[in-house]
Each structure stands twice: as structure tokens, then as C-alpha cells.
Protein chains: 2
Amino acid sequence: MSTIQDVARLAGVSVATVSRVLNNSPSVTAETKDLVNETIKKLNYQPNLLGRNLRRSQTKMILVLLPNISNPFYAGIVKGIEDVAHKNGYNVMLCNTDSDVSRERIYMDLLRNRLSDGVIFMAPEVNKEELTEIGKLYPVVQCCEYKEGASVSHVSIDNFSAAYKATRHLIGLGHKRIGFLGCQNTFISTIQRENGYKKALADHDIPFDQTLVKYGDYGFTSGVRAGKQFMAMKERPTALFAISDMMAIGAIKSAKEEGLRIPEDLAVVGFDNISFAAMYDPMLTTISQPKYDLGCAAMDLVLRRIRGELDQPEDLFLEHEFIIRESTVK
Amino acid sequence: MSTIQDVARLAGVSVATVSRVLNNSPSVTAETKDLVNETIKKLNYQPNLLGRNLRRSQTKMILVLLPNISNPFYAGIVKGIEDVAHKNGYNVMLCNTDSDVSRERIYMDLLRNRLSDGVIFMAPEVNKEELTEIGKLYPVVQCCEYKEGASVSHVSIDNFSAAYKATRHLIGLGHKRIGFLGCQNTFISTIQRENGYKKALADHDIPFDQTLVKYGDYGFTSGVRAGKQFMAMKERPTALFAISDMMAIGAIKSAKEEGLRIPEDLAVVGFDNISFAAMYDPMLTTISQPKYDLGCAAMDLVLRRIRGELDQPEDLFLEHEFIIRESTVK
DNA sequence: TTGTATGCGTTATCAC
DNA sequence: GTGATAACGCATACAA
């Protein structure tokens, strides 16, 4: 493993000159530049970024914390983050938190320990105080899910109006008994989606019925369970709005097992437009978040913060899209 | 941002002592230890790992290169890798390669630049020479997919016998015209799965028919396309073995659209047991790789190599499991 | 245009 | 048991 010293010695120049060539400083003759580059090749020299990073006190590395990589929803977002990062000379490292606070803190330490230049939270578990605190010291951005009240930038869609639109779609199809499949967590998106559902009902003179509301954990199995509960009701719903595609698909599965036809006997709307939504039978009506753009915007915010162009936390809202497929309209 | 110097000064000790406390060296009095720890807390001091890493010339960081994180197959493997890594004081960073060699090389540079202590390839794109070369210099392990002939450790299942088992299952159900949905890449697993299919046919006196072989890219859409081609045949197959669950599901989708019943009119076997396999309608018969264990084993190999306990590349084969579900047996 | 010298924050070797 | 101090590999201010 050769160092910059070895290159300097063999080329007969100083380490400063080699360093200049490495960072292609303009103030170096073409000949010496060639000479140095040759020597670098000859020695198969690779700069040790540990030294460079310490000296520059930056790593060109961005942390992305996800609850779990297996959720296909995150794939598109990560792509956006990566594209913007790479375009700006940054690398991204994805980290599974398993929705575990302690795991999240370990990764936040990487930031405090200067092993990363910034972090993007996909679904922060730490409370808003802790988030605000680290956000003051380092470049931190929340993407999609976010803690309201934390003084930290975030980018997301307008979940309230998305849920409103989904519910209104079902109402427009003539449904009166519309089930809601949500989650019992403190994410603002969750709450806003439930609020959007309720508001749409109210605006169309459909009385809210608490028995039509069930909760899951975003996952397939919880969707199946909730679906069974809905099917077991004396007066079961004729339509269903689930705040995740996975839960929507789970509910459809259990409805089909009961012999119900989708959408004739039960119309279903999901949320997220995961790739599987268009593969399922029936194809799922859902709300599509601009995943790629959300990722790009989040990474942009981090970069602006790193560069000191952002003195105030910024809240960005991107447009969503409502996609009508077989699960609501034949 | 306080440094070890600040702590030393405020505590009235030397940086050496502070460093000893940080690395809990035994040779330090309980009182000075307490004193230092108090000062650390008072200053809210966080050791700068950039300095430590340079000094120790290690990062406690492992790179995991995946073709794309959206493939649910990788989730379980990554979990295994992470668990073993964390247990040993290592962090893992996941990196999307998009099956792009140049992207892969960028991440390999992180290894050469000492920003990572080792790397696990999930599906190497670089050729075996390049792989061998970097494997000689650094701790490198291949997981699941691997380049044969590269002198680099790997861990995987026995793809030949898995494919053999899948095909034999279909034969046992009475099928004679069994389609094969593979891929045209150079991965050894791909080739072995096709060979296993052929061998099973031969062993049961079913002549191999090239028209019953189609190729895709592991993805859903390519499965749909191949499915349509199969359905369009004069004498279409009554069973299908796809080397990925996504392709299997795609093929089922197009078969169902043609009005075929699964498994009565077409029995289908997939490969990988991704989480969707059990969610789909019908639930998919498939081969389950021991994802978690594969990840653990791969990380173990990296660690042993880092510790110098591995002087020879090692090839590990783990057991797989054949899971029979609705798509082949009602 | 190039070289010298210093320091980034830490660990570890050597004294005491 | 503790303290000076020299590295680790690199970038850069300053000098020449």
C-alpha cells in the first residue's frame, strides 16, 4: 500500500506537488503533472481517504435511515437521493433501523462522530426534541414521514388532500359504507390520512362510523386480519381505503377468500403505488407519491444545508397522483 | 465541537489518559476515570472517528453491494449481515449498483481508499479477474450469486439440486410439458438452475424441448411477456418453472388473464420465496433460500478474513427448502 | 511553479 | 498509573 510520500519520492517531487496533482490544482506544469500521474500509475497508488477526510474534516458521505429496506416504497426514493448525491460527489449509505430508536441513535452517532456529512430520515423514531437538537448541529432532513414540531427540514406530499381524494373517489362511485384501514402511530402522515378520510365523508353528508375504522401496521398480514374483521361485520363495508398498498392487498386477499368479487362487492384503494400494486390481481387503485422527486428534494435540502445556503428549516410539499385501476373500477 | 484535547485540559489530565478512558484501558484509576467521564459528559464530547480511523487504519465499516434494494429477496440476507456485523462492532452500508459495472467500481474504490474494511457482493458484475485481484488485497466475499473461477470466498445454496427438486415436483404431479423461464446472464446460479431442470427431465425420460424455454430478466414484466408467449403456443405447457418469484407471478398474471386456472390448467413454481410469494393469489410454490443464514455466513467470512483467520478462499453451500403452495397443488 | 512545514484528532510507544 | 510525543496520510498556508 503506497502513500503520497512514496509517490513524491519516486517522482522526485514534494508531497505538496503530488497533492496538487491529485486535486488538479491549476498551478502545476503539464510535465510535472504527467510525471506524477505516471508514478501514481506505476505504484498503483490510491489516496487514503482516511487522511484526506481528517484533514478536510468531511466524508462526502450521506446517511439514509430507513425502517427497513424490504419496503418497496423506499426503493424509488433512494434512487432519487442517490442520483443527486452522486452528481454532487457524495456517496450514500443506507441503514436499516428496524424502527428501533436505539438502532437509530447508533447511526446518529456516526453523524456526531463525523463519519457522515448529513443524514436523511425516512421515518424518524426519535422524538422531536432529539431531532431538533441534532438538526441544529448537523445537516438533517426528514423525507415522507416527519415529526411535526421538530425544527428540521422535511419534504413530503400533502397526505390530507391525498386521502380526501381517495375517499371522494369511492363516494363518487356510489359507496356509502366506506371502511378505513389506518395505523395507530404518531406519524403526522397517518393522522392526516385519517383526517382526510373523515373530512371527505363529512363534506358528502356521510356520517362517520367508528366501527368502520380498523388499524394495522402497514404490512400485508395486518391487512388480512383487518379484512377478515370487516368481512365478519353484519353490515360490512362496500368499499375500503387503506393507508398502505400492502394492507390493501391483504384485505383484498381475505375478501377474495370469502368469495367476494373486487371491485363489484368490495372496492379498494391503497396508498403508495408500490411496484407490486400494478402486478396484483386485481391491479390496485392507489395514490402515487413522487418517490424519485421526494428523494431528489431531500438530498437537495441536505446539500444546501451542508453548503450553508439554508439558515432556516424548510418544509417542502410535492404533488401526488391518484391512479385508478381495477380494484375500484372494472 | 470539542476534541480530546479540550477534555484533557478541562479535566487536568493528558490526552493519553483521556484516550485510555475512551478505550477503557485497565491501567487507569477509578477516580481519574470518573473525572474524565464527567468532563466528557460536561463537554458533550464525541470522539472524532476520522482521527481514530486514520490512526488505527480501519473503519469498522462493511460495504454491501446489491443490484437494487427494491428486490425483496435481499432484505432477509441484509438482516443476517447486519446482525453479525453489529454484534462484532461493525456497521454496514448498503450500496445500489444498478447492476452497473462502473457503479460497482466506484464502490470498490471506497475499499481501496480504506473507507471500508471489507465488501460483500450480492451479484458481482465485474469479471472474475478483477474480482480475484481485489480479493487478494482486501476482504471480499460473494453472497448468493458468484463468479465461478474467481479466487474469492462465496456462500450460496446448491442451485442445481434446488432446480432439480422443483422440476421433479412438477413431474410427480403428472406434468410432461414443463416450461422453463430462465435468464440469459452469466451467473452460475442461472446456469445451474437450467441444468437442474434439464437433468430432472432427462432422469424421467421426458425429452428436452427448446421451444419450452423462454428467458426474462428476473422481473415481473418479463414474466408477463414470457407467459404470453407460452400461452400463444399451439401446444402450451401445463406447468412452468421460473427461476424467480417475480417472473413466476408475472407468468401467472398473464395466464389468468387468458382465463386459465392455476394450478388446474397451469402449475407454476417460482424461486426465492420473496415475501409476496405467500401473499399472491394463488400463493406460490417456490424454493426458499436461507436468506438470513446466507447473510450471517457471508459476514462471518468477511470477519474471519479481516482477522487473518482465512488464508484460503472458502466456498460455503447452505441448505434450501422447497415450499409447496397453491400454485401447484390445490 | 514548487517545496517546507504545520496540523487535522486520535492512538500507542516510550519514558517517568 | 500517568504524561510527553511521535506517528497515521493528507491538504494547504506560506516561503521561496
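Residues numbered from 1 in each chain as written. Chains lettered and ligands numbered in written order. Predicted model: local features only at pLDDT ≥ 70, side-chain atom pairs only at ≥ 80, totals over all residues.

Caption draft 1: Structural context of the packing of helix α5 (residues 73-87) of chain A against helix α12 (residues 291-306) of chain A. All names here are of chain A. In the contact formed by α5 and α12, the axes pass within 6 Å of each other and the chain directions differ by 40°. Taken together, the axes of α5 and α12 lie oblique to each other. For the pair α5 and α12, the sense of crossing is right-handed. For the pair formed by α5 and α12, the contact residues are Gly76, Ile77, Val78, Lys79, Gly80, Ile81, Asp83, Val84 and Ala85 on the first element and Lys291, Tyr292, Asp293, Leu294, Gly295, Cys296, Ala298, Met299 and Asp300 on the second. (Axes fitted to C-alpha atoms, helices over the stretch in contact; angles between N-to-C directions. Helix = DSSP H or I, 4+ residues; strand = E, 2+ residues; numbered from the N terminus. Parallel < 35°, antiparallel > 145°, perpendicular 65-115°, else oblique. Left-handed = near helix turned anticlockwise from the far one by under 90°. Contact = placed C-beta atoms within 7 Å.)

Caption draft 2: View of the pairing of strand β7 (residues 213-216) of chain B. The side-chain alternation of β7 of chain B yields one buried face, formed by Lys214 and Gly216 of chain B, and one unburied face, formed by Val213 and Tyr215 of chain B. In this region the chain leaves strand β6 (residues 178-183) of chain B, passes through helix α9 (residues 188-203) of chain B and returns to the parallel neighbour β7 of chain B; the handedness of that crossover is right-handed. (Buried ≥ 20, exposed ≤ 12 C-beta atoms within 10 Å, placed from the backbone. Right-handed = clockwise from strand over helix to strand, strands pointing away.)

Caption draft 3: Spotlight on the domain arrangement of chain A. Taken as a whole, chain A is organised into domain 1 (4-47), domain 2 (61-157 + 291-319) and domain 3 (159-288). Each of domain 1 of chain A and domain 2 of chain A has a C-alpha centre, and these two points are 37 Å apart. (Domains from an automatic or database assignment.)

Caption draft 4: Representation of the sheet that holds strand β9 (residues 267-269) of chain B. Residue and element names in this part refer to chain B. An order of β7-β6-β8-β9 is seen for the four strands of this open sheet, with the pairing classed as parallel. In this open sheet, the two strands that pair with only one neighbour each are β7 and β9. Ignoring which end each strand starts from, the neighbouring axes of this sheet average 20° apart. Where strand β8 (residues 239-242) meets β9, three bridges bridge the pair, whose relative direction is parallel. Within β9, the position partnered with Leu240 by the bridge is Val268. The strands touched by α9 within the sheet are β6 and β8, with β6 carrying the most contacts at an inclination of about 170°. (Pairing = 2+ DSSP bridges.)

Caption draft 5: Geometry of the relation of the copies chain A and chain B. Aligned on chain B, chain A shows an RMSD of 0.1 Å; the corresponding rotation is 180° and the shift along the axis is 0.0 Å. Within this description, the copies of the chain are treated as partners about a two-fold rotation axis. Same-surface contact between copies: 100% of interface residues of chain A are shared with the interface of chain B. (Least-squares fit on C-alpha atoms with pLDDT ≥ 70 in both.)

Caption draft 6: Inspection of the interface of chain A and chain B at higher detail. Between chain A and chain B, the residue contacts involve 33 residues of the former and 33 residues of the latter. Looking at the side of chain A that touches chain B, the elements that each hand over two or more residues are α4 (49-56), α5, β2 (91-96), α6 (101-112) and α11 (245-257) of chain A. Among the residues forming the side of chain A that touches chain B, the class breakdown is 16 nonpolar, eleven polar and six charged. (Nonpolar A, V, L, I, M, F, W, Y, C, P; charged D, E, K, R; others polar.)

Caption draft 7: Expanded view of the protein's contact with DNA strand C. In the region of DNA strand C, 27 residues are neighbours, and Ala16 and Thr32 of chain A together with Ile4, Asn48 and Gly51 of chain B sit closest. Those elements that provide at least two residues to the surface near DNA strand C are α2 (15-22) and α4 of chain A together with α1 (4-11), α2 (15-22) and α4 (49-56) of chain B. Counting residues per element, the surface near DNA strand C draws most heavily on α4 of chain B, which supplies five residues. Class assignment of the residues belonging to the surface near DNA strand C gives a composition of eleven nonpolar, twelve polar and four charged. (Near = placed C-beta within 6 Å.)

Caption draft 8: Just the nonpolar core, in detail. If you look at the biggest cluster of nonpolar residues, it comprises 186 residues, and the most contacted ones within it are Val64 of chain A together with Val64 of chain B. In this structure Val64 of chain B touches Val78, Ile81, Val92, Met93, Leu94, Cys95, Ile120 and Met122 of chain B, once residues within four positions along its chain are discounted. (Core = buried A, V, L, I, M, F, W, Y, C linked by C-beta atoms within 7 Å.)

Caption draft 9: Region of the structure containing the environment of Ser244 of chain B. Residues and elements named next belong to chain B. Along the chain, Ser244 falls in the loop between β8 and α11 (245-257). Looking at Ser244, the number of C-beta atoms within 10 Å reads 27, which means it is buried. A C-alpha to C-alpha distance of 46 Å links Ser244 and Arg55, two positions 189 residues apart in sequence. In contact with Ser244, not counting residues within four places along its chain, are Tyr218, Gly270, Phe271 and Asp272.

Caption draft 10: The arrangement of the protein's contact with DNA strand D in detail. Close to DNA strand D lie 27 residues, the nearest being Ile4, Asn48 and Gly51 of chain A together with Ser14 and Ala16 of chain B. Of all the secondary-structure elements, those providing two or more residues to the surface near DNA strand D are α2 and α4 of chain A together with α2 and α4 of chain B. Classifying every residue of the surface near DNA strand D by side-chain character gives eleven nonpolar, eleven polar and five charged.

Caption draft 11: Here's a closer look at the sheet that holds strand β8 (residues 239-242) of chain A. Residues and elements named next belong to chain A. In spatial order, the strands read β7-β6-β8-β9; together these four strands make up an open sheet with parallel pairing. Edge positions in the sheet fall to β7 (213-216) and β9 (267-269), since each of these pairs with one other strand and no more. The average angle at which neighbouring strand axes cross in this sheet is 20°, direction not considered. Across four bridges, the pairing between strand β6 (residues 178-183) and β8 is parallel. The residue of β8 that forms the bridge with Phe180 is Phe241. Helix α10 (residues 220-231) rests against β6, β7 and β8 of the sheet, and its axis sits at about 160° to β7.

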